[in-house]
Amino acid sequence: MSTIELEKMSEHVGTEILGIDLNRASDADIETIKAELANRGLVVFRDQNLDEQAHIDFAKRIGPIVVNNYFPENGKFPEIAEVRKAETQLANIGGGWHTDHSYDQIPAMGSILVARELPPVGGDTLFASMAAAYESLSDGLKKTLESLRAVHTADHIYGPQGFLSNSDQGADLKGRDLKTLAIHPAVIRHPVTGQKLLYVNSAFTTHFEGWTRDESLVLLNYLYAIGMQEEFQCRLQWQPGTVAMWDNRSTWHYALNDYHGHRRLMHRITIDGVPIS
Ligand code: SIN
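Before going into details, it helps to say that this report is about the structure given with it.

The rules we used
- Residues numbered from 1 in each chain as written.
- Predicted model: local features only at pLDDT ≥ 70, side-chain atom pairs only at ≥ 80, totals over all residues.
- Heavy atoms only, no water.
- Near = heavy atom within 4 Å.
- Polar contact = N/O pair within 3.5 Å; in protein donor to acceptor, adjacent residues only side chain to side chain.
- Areas by Shrake-Rupley, 256 points an atom, 1.4 Å probe, with all protein chains shown as cover.
- Helix = DSSP H or I, 4+ residues; strand = E, 2+ residues; numbered from the N terminus.
- Nonpolar A, V, L, I, M, F, W, Y, C, P; charged D, E, K, R; others polar.
- Pairing = 2+ DSSP bridges.
- Axes fitted to C-alpha atoms, helices over the stretch in contact; angles between N-to-C directions.
- Expected span 1.5 Å × (residues − 1).
- Buried < 20%, exposed > 50% of the residue type's maximum accessible area, 1.4 Å probe, protein only.
- Contact = heavy atoms within 4.5 Å.

1. Focus on the site of the ligand
As a structural note, the neighbourhood of the ligand is formed by V83, G94, H98, D100, L113, T125, W246, H253, A255, R264 and R268. A distance of 2.8 Å separates an oxygen atom of the ligand from a polar atom in the side chain of R264. Within the side chain of R268, one N or O atom sits 2.7 Å away from an oxygen atom of the ligand. Bound to the protein, the ligand loses 100% of the 260 Å² it would expose on its own. Counting residues per element, the ones that place at least two in the shell around the ligand are β15 (251–255) and β16 (264–271). Grouping the amino acids of the shell around the ligand by side-chain chemistry returns four nonpolar, four polar and three charged.

2. Focus: the sheet that holds strand β13 (residues 233–236)
Within the open sheet, the three strands sit side by side as β13-β7-β15. Their pairing is antiparallel. Each of the sheet's edge strands pairs with one partner strand only, and the pair in question is β13 and β15. Neighbour-to-neighbour, the strand axes of this sheet turn through a mean angle of 20 degrees, independent of strand direction. Sheet topology note: the strand β7 (residues 125–129)/β15 ladder contains five bridges and is antiparallel. Each residue of the ladder has a partner; that of T125, found in β15, is A255.

3. Comments concerning helix α1 (residues 27–40)
Across its 14 residues, α1 extends 20 Å between first and last C-alpha, which sits within 8% of the 20 Å expected from 1.5 Å per residue. Those residues of α1 not exposed but buried are D29, I30, I33, E36, L37, A38 and R40. Of the surrounding elements, those touching the buried residues of α1 are β1 (5–8), β2 (15–18), β3 (42–45), α2 (52–62) and β14 (243–247). In the stretch just after α1, G41 is the one whose phi turns positive, near 80 degrees.

4. Details of the pairing of β14
With five of five residues buried, β14 lies mostly within the body of the structure. Bridge count for β3 against β14 is four bridges, and the pairing is antiparallel. Looking at β14, one finds that F45 is bridged to V243. Here five bridges tie strand β6 (residues 110–117) to β14, and the two strands are oriented antiparallel to one another. Each residue of the ladder has a partner; that of L113, found in β14, is A244.

Here's what the structure looks like:
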C-alpha cells in the first residue's frame, strides 16, 4: 500500500511528496506524481538517492526525454544536461524568470532537476503559478489576451550575440549556431487539467505577433509584474538528495544567483511535450 503524503508548498504552486523512494516507485505512485504535477505545477522529493541511471529511468516513466540543445552535457549520460556554476563564474543558467523551451513550437512538458553539489547557502529556485497569474487578471484583459499570439526565441540568449553566450558561462554552452522561433497563444490551456494559463515569459518572449517590440513590452512588462507577485510563488531550498520536477506550461521558475565563490551542480532531464493551444 502506498505511503505517499502530499504537502502544499504554497497556496498556488508546489507540492512536496513525502514517503516515496523514487528508485522503488510503483506504477500507482507514478500516476499520483503525474496528477500532482499537472495540478500543482511543481513536485519536490527529499532525501532521494538517484544516481544518473536512476534519474534517466525515473524520467522515462514520466515521458519521453528531449535533450536540451544548449546546456553542457554530462559526459557519460547524453540525456542529462548540466546546470552548473563554478566557484570562479559569475553568470548562472536560469537566472531570470522563464519557462524552459518556450522557444520550441512544441515546448517541453517539464524538467526533472537533481541536486548534485550545492553551495553552503543560497542557490534556491523560485517558482510561480501561471494559472494563478492568469486568474487574477480582469475579464477585459483576459479577453484581449485571448486574441494575441506571442513570439518566442532563444537566439538573444544562446546565439552568437546572446548574453549567456557572451558571459563566463559561454565556453560551456553548445548550440550557438542554432536558430529558434516559435509562436504560441498568449493564453494556453493546460493539456491535462484544461486550466487557462498565461504563456509569456521574460526570458524567451520577444513580442506579440503583429505588434512592435516597444508596443509589446508595455503589456508584457505589466504581465511579468503580475506573474512575479509573491503570492503566486513558492521557494525551493535545495538540500542534498532533493529532486524537483516542474511543469513548463503552468509555471515559471528562476534560479537565484546569490552564491558567488561557491560551486553548484544540478543534473537536468527535460521531458518532451505535446502541441499547445
Ligand atoms: C533551470 O532553469 O532549469 C535551472 C534551475 C535551477 O538551477 O535551479
